[in-house]
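Letter by letter, the chains look like this.
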Amino acid sequence: MRWIYPLLSNRSVMKLLLLVNIAGTIYGYYWYGWQLRETPPVFLAFVPDSPTASLFFVLVLLAFLLKRNWPLIEALAIVTLFKYGIWAVVMNILVFIVQGELDWIGYMLIFSHFAMAVQGILYAPFYRFKGWHLIVTAIWTFHNDVIDYVFFMMPSYQMLDKYIPQIGYFTFWLSCISIGIAYYLGMRPGRFKLKINS
């Protein structure tokens, strides 16, 4: 598996990923457009979860291209990319189960969000965040869950509305798992570490 890391640290690959993530981020904010128009201003930062996660990764890639580390952004990126990547995959599978079908946008969302989760994890050896970065990220993550499931600002899947309590419970534990993965891959003693040398 380690053969992939020289490829991931290649400047051309990072530039390509940067362009892909910029495009995905722009599309993500567009996808949330109608919901953002109906969202009270105080909650705006917490509604477009996936595009904000990919925006964090855009900043991570920019830092790598500058041969730098921005540890807080790295912590936010790995946690939110994994959390919202897996969350969207599961939600679209549930839509398929409930409706018996899924349109092409649903399949595209499954593929793109799974790729989000994977890229955040693959770049973990290059991250340099510390405990306080992960604590701040955990606060952001759980606060976002409160905004979503106490104030009902989560992404709208109307066909799943009757499952909101179960989805909220799943999301809480997904947040815990995402933070745990970030610690294991990005902070634990003796973890696999690499430098961006390109």
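For clarity, every value in this text was computed on a predicted model and none was experimentally measured. (Residues numbered from 1 in each chain as written. Predicted model: local features only at pLDDT ≥ 70, side-chain atom pairs only at ≥ 80, totals over all residues. Heavy atoms only, no water.)

**Q** Looking at this structure, how should I read the overall build of the chain?
**A** The number of helices and strands found in the chain is 8 helices and 0 strands. Ordered by position from the N terminus, the helices and strands of the chain form the series α-α-α-α-α-α-α-α. Taking 2.2 N^0.38 as the reference for a compact globule, 198 residues should give roughly 16 Å; the C-alpha atoms of the chain span a radius of gyration of 17 Å, in line with that estimate. Scored against the burial criterion, the 198 residues of the chain give a buried share of 48%. Long-range pairs, those at least 24 residues apart, make up 79% of the contacts in the chain between residues at least 6 apart in sequence. As displayed, the chain has an accessible area near 10,400 Å², and 72% of this comes from carbon and sulfur atoms. (Helix = DSSP H or I, 4+ residues; strand = E, 2+ residues; numbered from the N terminus. Rg over C-alpha atoms; globule rule 2.2 N^0.38 Å. Buried < 20%, exposed > 50% of the residue type's maximum accessible area, 1.4 Å probe, protein only. Contact = heavy atoms within 4.5 Å. Areas by Shrake-Rupley, 256 points an atom, 1.4 Å probe, with all protein chains shown as cover.)

**Q** I'm lost on the environment of Asp161 in this one. Help?
**A** Residue position: Asp161 is located in the loop between helix H7 (131-149) and helix H8 (164-186). Sequence separation between Asp161 and Gly186 is 25 residues, and the spatial gap between their C-alpha atoms is 35 Å.

**Q** Mind showing me how you'd approach the packing of aromatic side chains here?
**A** Aromatic ring pairs are reported here in terms of the distance separating the ring centres and the angle at which the planes meet. Enumeration over the complete set of coordinates arrives at 15 aromatic pairs. With centroids separated by 6.5 Å and ring planes inclined at 25 degrees, the aromatic side chains of Phe64 and Tyr127 adopt a geometry described as stacked. Pair noted here: Phe64 is in helix H4 (residues 49-65) and Tyr127 is in the loop between helix H6 (104-122) and H7, with a separation of 63 residues, a long-range link. Each of the two residues, Phe64 as well as Tyr127, counts as buried. Ring-pair connections join several aromatic residues into one group, and the members of that group are Tyr5, Phe57, Phe64, Tyr123, Phe126, Tyr127, Phe129 and Phe192. The ring of Tyr184 has Arg188 sitting right over it, with the charged end atom 3.9 Å from the ring centre. (Phe/Tyr/Trp six-rings, centres within 6.5 Å; stacked < 30°, edge-to-face > 60°. Lys NZ or Arg CZ within 6 Å of the ring centre and 35° of its normal.)

**Q** Could you clarify how one ought to interpret the nonpolar core in this entry?
**A** Across soluble globular proteins, nonpolar side chains have a tendency to be buried as a group. Ranked by size, the top nonpolar core spans 33 residues in total, and within it Phe57, Phe64, Tyr123 and Tyr127 carry the most contacts. Counting residues per element, the ones that place at least two in this core are helix H1 (4-8), helix H2 (11-31), H4, helix H5 (71-99), H6, H7 and H8. Top element by residues in this core is H4. It accounts for 8 residues. Filtering out sequence-adjacent residues up to four positions away, Phe64 remains in contact with Met14, Asn69, Glu74, Tyr123, Phe126, Tyr127 and Ile196. With 17 residues, the next largest nonpolar core counts Ala117, Ile164, Ile167 and Ile181 among its residues. (Core = buried A, V, L, I, M, F, W, Y, C linked by side-chain atoms within 4.5 Å.)

**Q** Explain H6 to me, please; I cannot follow it from the model alone.
**A** Note that an α-helix has 3.6 residues per turn; residues three or four places apart therefore point the same way. In this model, H6 (19 residues) spans 27 Å end to end at C-alpha, consistent with the 27 Å of a helix rising 1.5 Å per residue. Residues of H6 that are buried: Gly106, Leu109, His113, Met116, Ala117, Gln119, Gly120 and Leu122. (Expected span 1.5 Å × (residues − 1).)

**Q** Even after reading the chapter, I still don't get the side chain of His113, so can you show me in this structure?
**A** Tracing the chain through its elements places His113 in helix H6. A distance of 3.1 Å separates the side chain of His113 from the side chain of Ser50, its partner in a polar contact. Among all residues touching His113, those that are not within four sequence positions of it are Ser50, Tyr84, Gly85, Ala88 and Val89. (Polar contact = N/O pair within 3.5 Å; in protein donor to acceptor, adjacent residues only side chain to side chain.)

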